[in-house]
Amino acid sequence: MNNPMTKWRYEAIGKNITEVLKEKEFDAHYADNLEEAKKIVLDMIPEGAVIGLGGSVTLNQMGLVETFREGNYQLIDRYNCEDHVQKYHEAMSSEYFVTGTNAITRTGELVNMDCSGNRVAAMIFGPRRVIVVVGANKVVENLDAAIARIKEIAPINSKRNNHTTPCTISGFCEDCKTGKRMCNYLTVIYHGMKNPGRISVVVVGDEVGL
Ligand code: SF4
């Protein structure tokens, strides 16, 4: 992030949403940049832990997937496998599930849209701990704005995953009806009160991910 005023804004948003998330019983942390965020995540996970992953540009930007592969962890590697669905099943009972999120509202709701549902399912139930890394650029005013943001990003995600959907041609959501549709499961995690501290959220005061 080069523009200092934009960076200032993301820092302000990031610090504020971190406090909002804490009030909602999320284990929330603020990081000034991706390096700091990576250290916070790695400090949470003990060596030898079984780790599942949600698909995330943010995690790749942090180099976390490589670190998990090379380190002393039992990574359920959804990117390096024959059978993705099997890995999705295994990740449901991982000790730590590490993922991004599509949007967070100003009032601390985590909003996500999934193609297969494996990511949103694991965020809600299954893994003992969930660690979410999110850039302050994903903080939006309310649920409507979160869904609008998701719809704007979905064509890029579809293109990135080589899905042959009409949005990869027009750049806009065409509400497609194909088996390759990316937008199938919309979830809102309203708060962390059911299992306080189960979900950690590391907020980066910068523009990160899609
Ligand atoms: S519903 Fe279909 S066309 Fe719309 S963004 Fe999702 S994948 Fe693309």
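The following paragraphs examine the structure supplied in this document.

Cut-offs used in this document
- Residues numbered from 1 in each chain as written.
- Predicted model: local features only at pLDDT ≥ 70, side-chain atom pairs only at ≥ 80, totals over all residues.
- Heavy atoms only, no water.
- Helix = DSSP H or I, 4+ residues; strand = E, 2+ residues; numbered from the N terminus.
- Buried < 20%, exposed > 50% of the residue type's maximum accessible area, 1.4 Å probe, protein only.
- Contact = heavy atoms within 4.5 Å.
- Areas by Shrake-Rupley, 256 points an atom, 1.4 Å probe, with all protein chains shown as cover.
- Lys, Arg positive; Asp, Glu negative; His and termini not counted.
- Charge placed at Lys NZ, Arg CZ, Asp CG, Glu CD.
- Phe/Tyr/Trp six-rings, centres within 6.5 Å; stacked < 30°, edge-to-face > 60°.
- Lys NZ or Arg CZ within 6 Å of the ring centre and 35° of its normal.
- Pairing = 2+ DSSP bridges.
- Axes fitted to C-alpha atoms, helices over the stretch in contact; angles between N-to-C directions.

## Notes on the overall build of the protein chain
Phase 1 of the analysis: From N to C terminus, the protein chain includes eight helices and 10 strands.
Phase 2 of the analysis: Over its C-alpha atoms, taken along the principal directions, the protein chain stretches across nearly 40 × 40 × 35 Å.
Phase 3 of the analysis: For the protein chain, with 210 residues in total, the buried portion stands at 49%.
Phase 4 of the analysis: Of all intrachain contacts in the protein chain linking residues separated by at least 6 positions in sequence, the fraction that spans at least 24 positions is 74%.
Phase 5 of the analysis: Within the structure as shown, the protein chain displays about 10,600 Å² of accessible surface, and the carbon and sulfur contribution to it stands at 50%.
Phase 6 of the analysis: When the 24 positive and 26 negative side-chain charges of the protein chain are each reduced to one mean point, those points stand 4 Å apart.

## Quick look at the packing of aromatic side chains
Phase 1 of the analysis: Counting across every chain of the model gives one aromatic pair.
Phase 2 of the analysis: Judged by centre distance (5.5 Å) and plane angle (85°), the ring pair of phenylalanine 68 and tyrosine 73 falls under edge-to-face. The same class applies to phenylalanine 68 and to tyrosine 73, which are both buried.
Phase 3 of the analysis: For arginine 78, the ring lying beneath its charged end belongs to tyrosine 79, and the centroid distance is 5.0 Å.

## Some details on the sheet that holds strand β5 (residues 103-105)
Phase 1 of the analysis: Here we have four strands laid out as an open sheet, ordered β8-β5-β6-β9, and mixed in their pairing. Of all the strands in the sheet, the pair left with one neighbour each is β8 (139-140) and β9 (185-189).
Phase 2 of the analysis: Both strand β6 (residues 110-114) and β9 contribute to a ladder of five bridges, which runs antiparallel. Looking at the pairing, asparagine 112 lines up with threonine 187 of β9.
Phase 3 of the analysis: Together, β5, β6 and β8 form the strand contacts of helix α1 (residues 4-23), whose direction differs from that of β5 by roughly 70°.

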